[in-house]
Amino acid sequence: MLVRRLSIRSLFAVGSLGVAAIWLMLTTVDAQTAGERTAASSSKRQPWTTSRIHGSPEKPEPYRVVSAFPELRFEKPTSIEELPGSKRLLITEMAGKVFSFPKDYEIAQADLLVDLQSLLPAGSTQQNISLFDAECHPKFVENGYLFLCYVHPEGGGLTRVSRFTLDRSPAAGNAPPKLLADSEQVVIKWPSGGHNGGCLEFGTDGYLYISTGDGSGPNPPDGLTTGQTVDDLLGAVLRIDVDRAAGERTYTVPSGNPFVALSGARPEIYSYGLRNPWKFGIDPQTGGVFVADNGWETWEVVHRLAPGSNCGWPVMEGRAALRSEVKVGPTPIVPPIKDHSHTEANSVIGGPVYRGKKLPGLNGAFVYGDYITGTIWSVQPDEDNSYAGTTLCDTDLRIVAFTEASAGEIYVLDYDATGKIYELLPSDKKDNSATFPRKLSETGLFVSDPKTKLKELKPAAGVVPYSVVAPRWMDGAEGARFVAAPGTEPIPVSYAYESLTYPEGTVFAKNVTLPNNPGAIRLETQILHYEDGTWRPYSYLWNDEGTDAELVSSVGTSKSLRQEASVAGPGAREPLDRTWHVNAVNECKLCHNVGPKFILGFTPQQLDLSGSPSSGPAAAISNLMQLSAAGIVAPSPSPAGGAKWSLVDPHDPAKPFDDRARSYLHANCSACHHPGGNAIVSFFLRRDLPFEKLNTNKGTGIGTFGLSDAKLIVPGEPSHSVLLYRMSKLGYARMPYIGSRVVDSRGVALIDEWIRSLSPNAASSVANMPAEDAVKNTSDALALVAKMHGGKLPEAEFQAAVAAGVKTSKSDVRGLFETFIPESQRRATLGPTIDPLVILGKTGDHDRGKLIYFSDGARCRNCHELDDKQKSIGPTLQEITKKYPSLGDMVQHVLNPSLKIDDPFAAYSVVTDDGRTLIGLIVEQNVQEVVLKTPERLIVRLPRKSIEELKKSDKSLMPDRILSDLTSQEAADLFEYVRSQKAPPKSLEKSPK
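Residues numbered from 1 in each chain as written. Predicted model: local features only at pLDDT ≥ 70, side-chain atom pairs only at ≥ 80, totals over all residues. Heavy atoms only, no water.

Participant: What is the right way to look at the overall build of the protein chain in this model?
Facilitator: The secondary structure content of the protein chain amounts to 19 helices and 43 strands. Residues classed as buried in the protein chain amount to 57% of the 993 residues present. Put simply, of all contacts in the protein chain between residues at least 6 apart along the chain, 62% involve residues at least 24 apart. Accessible surface, the protein chain: about 39,900 Å² in total, of which carbon and sulfur atoms supply 51%. (Helix = DSSP H or I, 4+ residues; strand = E, 2+ residues; numbered from the N terminus. Buried < 20%, exposed > 50% of the residue type's maximum accessible area, 1.4 Å probe, protein only. Contact = heavy atoms within 4.5 Å. Areas by Shrake-Rupley, 256 points an atom, 1.4 Å probe, with all protein chains shown as cover.)

Participant: Any chance you could explain the sheet that holds strand β25 (residues 410–414) here in plain terms?
Facilitator: The strands that make up a sheet are held in pairs by hydrogen bonds between backbone atoms, and each pair lies either parallel or antiparallel. Taken in spatial order, the 4 strands line up as β1-β26-β25-β24 in an open sheet, and their pairing is antiparallel. The open sheet has two edge strands, β1 (63–67) and β24 (399–404), and neither has a second partner. The sheet shows a mean angle of 30 degrees between the axes of neighbouring strands, direction not considered. As defined by bridge partners, β24 adjoins β25 across 5 bridges and the pair is classed as antiparallel. From the neighbouring strand, Glu404 faces β25, where its bridge partner is Ile410. (Pairing = 2+ DSSP bridges. Axes fitted to C-alpha atoms, helices over the stretch in contact; angles between N-to-C directions.)

Participant: How do you make sense of the nonpolar core when you look at a structure like this?
Facilitator: Across soluble globular proteins, nonpolar side chains show a tendency to be buried alongside one another. The biggest cluster of nonpolar side chains holds 65 residues, and the ones touching the most others in it are Phe101, Val161, Leu362 and Ile421. Discounting chain neighbours no more than four positions away, the residues touching Ile421 are Val66, Ser67, Ala68, Phe69, Phe74, Ile80, Ile91, Phe101, Tyr411, Val412 and Leu413. Counting 45 residues, the second largest nonpolar core, distinct from the first, contains Tyr664, Ala710, Val775 and Leu816. (Core = buried A, V, L, I, M, F, W, Y, C linked by side-chain atoms within 4.5 Å.)

Participant: How should the side chain of Thr934 be read in this particular structure?
Facilitator: Its place among the elements puts Thr934 in the loop between β41 (929–933) and β42 (939–943). Residue Thr934 is classed as buried on the basis of its relative accessible area of 5%. The contact partners of Thr934, leaving out residues within four places of it in the chain, are Ile873, Ile919, Gly920 and Val940.

Participant: Help me understand the pattern of salt bridges, please; the structure alone is not making it clear to me.
Facilitator: Side chains carrying opposite charge are able to pair once their charged atoms draw close together. All told, the structure shown has 29 salt bridges when counted by the stated rule. A salt bridge links Arg266 to Glu268; the shortest N-O distance between them is 2.9 Å. Judged by relative accessible area, Arg266 falls into the partly exposed class, the value being 26%. (Salt bridge = Lys/Arg side-chain N within 4 Å of Asp/Glu carboxyl O.)

Participant: Is there a simple way to explain helix α7 (residues 657–669) in this structure?
Facilitator: Because the α-helix completes a turn every 3.6 residues, residues three or four places apart line up on one side. With 13 residues, α7 should reach 18 Å at 1.5 Å per residue; the first-to-last C-alpha distance of 18 Å fits that figure. The buried count for α7 comes to 10 of 13 residues, which makes it a mostly enclosed element. Among the residues of α7, Arg660, Ala661, Arg662, Ser663, Tyr664, Leu665, His666, Ala667, Asn668 and Cys669 are the ones counted as buried. In this fold, the buried residues of α7 make contact with α5 (604–607), α8 (722–728) and α9 (745–757). (Expected span 1.5 Å × (residues − 1).)

Participant: What is the right way to look at the environment of Lys455 in this model?
Facilitator: Within the secondary structure, Lys455 sits in strand β28 (residues 453–459). Since its relative accessible area comes to 47%, Lys455 is described here as partly exposed. Sequence separation of Lys455 and Asp548 is 93 residues, and the distance between their C-alpha atoms is 7.5 Å. Every residue in contact with Lys455, bar those within four places of it in the chain, is listed here: Arg522, Glu545, Gly546 and Thr547.

Participant: What should I look at first to understand the side chain of Glu82 in this one?
Facilitator: Along the chain, Glu82 falls in strand β2 (residues 77–83). Judged by relative accessible area, Glu82 falls into the buried class, the value being 12%. Reaching out from Glu82, the side chain makes a polar contact with the side chain of Lys103 at a distance of 3.2 Å. A polar side-chain atom of Glu82 sits 2.6 Å from the main-chain amide nitrogen of Ser406. Among all residues touching Glu82, those that are not within four sequence positions of it are Lys87, Arg88, Leu89, Lys103, Cys136, Ala405 and Ser406. (Polar contact = N/O pair within 3.5 Å; in protein donor to acceptor, adjacent residues only side chain to side chain.)

Participant: Please explain the sheet that holds strand β40 (residues 917–925) as it appears in this structure.
Facilitator: In space, the 5 strands of this open sheet follow the order β42-β41-β40-β39-β43, with antiparallel pairing throughout. A strand with exactly one partner marks an edge of an open sheet, and here the two such strands are β42 and β43 (947–952). Geometrically, the sheet is characterised by an average inter-axis angle of 45 degrees between neighbouring strands, direction not taken into account. Strand direction decides the pairing type here: strand β39 (residues 907–912) and β43, joined by 5 bridges, are antiparallel. If you follow Tyr908 over to β43, its bridge partner there is Lys952.

Participant: Any chance you could explain the pairing of strand β8 (residues 158–165) here in plain terms?
Facilitator: Moving residue by residue along a regular strand, the side chains alternate between the two faces of the sheet. Across the 8 residues that make up β8, a large majority, 7, are buried. With 8 bridges joining them, strand β7 (residues 145–152) and β8 adopt antiparallel strand pairing. Bridging from a neighbouring strand, Val151 pairs with Thr159 of β8. The antiparallel pairing of β7 with β8 creates a hairpin that spans 5 residues between the two strands, and Gly155 there sits at a positive phi of about 60 degrees. In the sheet, β8 pairs with strand β9 (residues 185–191) via 6 bridges, with the strands oriented antiparallel. When the bridges of β9 are listed, Arg163 appears paired with Gln185.

This is how it looks when you write it as structure tokens:
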């Protein structure tokens, strides 16, 4: 079904802050006994009264979701449909039940329409059914036909589309509808094997469109290599006429289908090259078909289909080339109209093409969302007929389906966070983005000195520091954590994986620093803010002086560093030049979502430091107990039977080796690798599961990367274990693929030794051969790299291994060694220092460049409109192409935006009397006020009397190194698209007669 792979990004399960800090803070309970501390847990904590974190730094999203039927909840629902002529909604559940209910806000119970389990042959079990979708016939009011797509147990499991008939007998009267049990007519079926597709929609032509998946599991990509073939029904959208039979078939094939005349092709195919199109929509006005297709490792895509469309899978994954050895199908590959990298989305779910009257702003838009992040978008054609996307709203839902109902409602269905139905409505939120704190000193989290700002970083009253047992690897950085909430009610923590209700306004913050010589480098402060039932992540990037930090935009940013000290670990060789990446908002949400219940580090197992080493007096007492005694937390009851699984410091040699390794994997991997994770997560690394339940003793589907006899974990053989390989490399297939860009030497050494300990009598796989020979295959290279990370190579051999590893042409091997060299010497992205010739030497592609420009993460689109000067922060694309007709001049300007700044686009900084600092363009000023347009496109009016300082900046608003995360080819593609956006020639005036 929903096929995605997520990876590690737990923002707040990171870093270390000595428990002595909490001990000093909580000295009022020092004299109490352990029992008294427990009894004192009902005491009131000190409230946080200085918070200025309210609302959002962005303008309110144009839409919101609200509960449509608050009393109704379903068990893993999969689709939602309105029954024509009845004002009733229909819901399908994965296990095979179909319900209906009237569209009544107060409805408390749905009516069972059918349970497909009851129709199975005797002896079938519940696991035999997976129900995906339901669709009513266009003449449903007349014939009562309902089509269901589900997996039936016949033949070991086949996905089928069947037609059922509703009971429309006079005796039924006004009773809730029921299906006639013996009315099933199988229409079409195909092999079930993981990716089944399963969406049904009738088009304006009266034909039934059906999506199928590529018939295999998430790994390897297109395991049956069927995406580019048209001789089976897999990986496609089909189109059939269900109102006419032909021979043994209960349907006919429309004559306009693209492959009816192609020998050997399945004529039912309308388009192909799809991976797992879980849901799609058809424009009721134009008949256009829009499909959201689940990607694999890198991209989620949206296609507008035409007869014979080849969407590219598995030769392409969105815009990225994937399997070059696969022969392209009978029609050329067409690019998607929209794509999302896995920093933005992870499992796109299609919805309707909206044509209702209730939401006129969405007229003609294809609405879709993401199962993992909960974000809802729309995409529709612009004036130039290119497709532009819009973010409609961010939610905390597990979106599984949409529908447009007869009154113009758009309903959103949640799968397993709540199992409820929501309605998409225009936003009613107040725009307070202009007052949202743009600097950390303005948040109220820390005491700000008028002269030194946050140099001391002293928590404000009510802001409580805390520590965790097993901190997550953060590229050598350390984190000091804090929690704060208005009011006095305690903050909940739970031993179980459950959703908790936090005090309104709760904030978790983590200050991230990098150890350095002579002093630590402050990098960023990450914040997770709870308001209106939603968690919102933000990051503040510290200035070089370490006195304050500035809010980072939602697309993230990067900062170049020079670090003198090496990252901790015996094999670490930290290069002098490196880039610190500040995550985009949706990158944070990839782990902080409903799956792992949002808050990752603030759990009893992570807070219980009673057995952790400490130099302070709190070493003998549980940190959790202290927090509870002070009324800061309210722990839920421990699990049934009193059993408590625990974590230990992964690098504490006094702890049992298995506990250390399992705690490391839990802290770094379990945010995604848990039983409730998305479908591509096929193994688990949570500490509470016994090793035999981790599901790691199996072959890997994602690929072996050249490892011999590879499995996820091969006990006793780390050099054959994909888990160790992926955490040991950089570049493609790295784990975590977000949140880390430096390999953890101590972690690699720990997991290498742990895998070896799982079967101590296994033959040693440690490479003892010269580096030049070891780098010839991946297993030997991995064994060599593990020795390097463990500090087991003399310096001369270490340098020889690096030299041999980075010059190999095998990318699977080279990626293991790139962590030991400076970023500037690595392949792929342009990085912080860019030679313009590497861009100018490439031939750009207009269509690929358009995808990059319209990407949610494209920074150029944030400020530069095509031709709308009112919306643009900087010059429009048409103005840019006019000013820089030469590609070389345009590239130089983007690489050095502050060399020459035109007056209309000069930035000004304003300091107000209430301590705010604003930056933007002056769009208007007079004796009474100054009007700024900020980089977030906000118009802020500031009375002159409130301005303490107004200063013109010598820096452009365009960020430096804006191209650093692109490859040279992607940069060339982007410039090609920008240069194509020339203003149309002015019409010649008619000569007078």
